[in-house]
Amino acid sequence: MRLEPWQGTLVFLIVGVIPPAIITSFFYKRLDYMESEKLDPPSFTGQKKAQFQFKGRTNQPFDEILQRVDRQWIISFSDRKNHVLKFRTDARMISWGLGGYLKMENDGNVVVIVYPISPRSKREKLFVNQTLRLIHSILNR
């Protein structure tokens, strides 16, 4: 089978560029928020919010949370001054994964918001609840 250069380029565009670009455009806001320096909590459909108490063992409790979350997920943004942390799960072929927002307040109260990248996926809705339970267990070690 002979392939002309223009045919190879056309196949590359149709198969390799256009589908990922279309898919990314659907989830752009969620993906962009994850990496941005916005400190406001997200407001996406399908998100779940929970509050936990955290009693740190050191005089830097936010750093303890940062280390614990870093062991489980990918940290996409952190702001130590404002005690805000954004994390995400790995994206796979069968799942776009989850995004998370964590804010620690001065009294040890931790607000966690977890949202699916693909809000229509029933599977990822289950992962949202599972992730909140996992965060709760991580903070209470």
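Residues numbered from 1 in each chain as written. Predicted model: local features only at pLDDT ≥ 70, side-chain atom pairs only at ≥ 80, totals over all residues. Heavy atoms only, no water.

Draft legend 1. Examining the packing of helix H3 (residues 61-72) against helix H4 (residues 122-139) more closely. Close contact between H3 and H4 brings their axes to 10 Å; oriented N to C, the two are set at 135°. By the angle class used here, H3 and H4 are oblique. The element H3 and its partner H4 pack so that their crossing is right-handed. Between H3 and H4, the contacting residues are Ile65, Arg68 and Gln72 on the first element and Leu134, Ile138 and Leu139 on the second. Across the contact of H3 with H4, the residue classes break down as 4 nonpolar, 1 polar and 1 charged. (Axes fitted to C-alpha atoms, helices over the stretch in contact; angles between N-to-C directions. Helix = DSSP H or I, 4+ residues; strand = E, 2+ residues; numbered from the N terminus. Parallel < 35°, antiparallel > 145°, perpendicular 65-115°, else oblique. Left-handed = near helix turned anticlockwise from the far one by under 90°. Contact = heavy atoms within 4.5 Å. Nonpolar A, V, L, I, M, F, W, Y, C, P; charged D, E, K, R; others polar.)

Draft legend 2. Spotlight on a nonpolar patch on the surface. On the surface, Trp6, Leu10, Val11, Phe12, Leu13, Ile14, Val15, Val17, Ile18, Ile22 and Phe26 cluster together into a nonpolar patch covering about 1,100 Å² of accessible area. Mapping Leu13 onto the fold places it in helix H1 (residues 5-26). Residue classification places Leu13 among the partly exposed positions, given a relative accessible area of 39%. (Patch = residues over 30% accessible without salt bridge, like charges linked within 9 Å, V, L, I, M, F, W, Y side chains within 5 Å. Areas by Shrake-Rupley, 256 points an atom, 1.4 Å probe, with all protein chains shown as cover. Salt bridge = Lys/Arg side-chain N within 4 Å of Asp/Glu carboxyl O. Buried < 20%, exposed > 50% of the residue type's maximum accessible area, 1.4 Å probe, protein only.)

Draft legend 3. Highlighting the confidence of the model for the protein. When pLDDT is averaged along the protein, the result is 88, and 99% of the positions lie at 70 or above. Element-level mean pLDDT values for the protein span from 81 in H1 up to 95 in strand E3 (residues 84-88). (pLDDT = per-residue confidence, 0-100.)

Draft legend 4. Highlighting the packing of aromatic side chains. Scanning the entire structure with this criterion turns up 4 aromatic pairs. Each ring, one from Phe44 and one from Tyr115, has its centre 4.9 Å from the other, and the planes form 55°; the classification is tilted. Taken as a pair, Phe44 in the loop between helix H2 (28-35) and strand E1 (48-53) and Tyr115 in strand E5 (residues 109-116) lie far apart in primary sequence, 71 residues in all. An aromatic cluster of at least three residues, connected via ring pairs, comprises Tyr33, Phe44 and Tyr115. Sitting over the ring of Tyr33, Lys86 keeps its end group 3.9 Å from the ring centre. (Phe/Tyr/Trp six-rings, centres within 6.5 Å; stacked < 30°, edge-to-face > 60°. Lys NZ or Arg CZ within 6 Å of the ring centre and 35° of its normal.)

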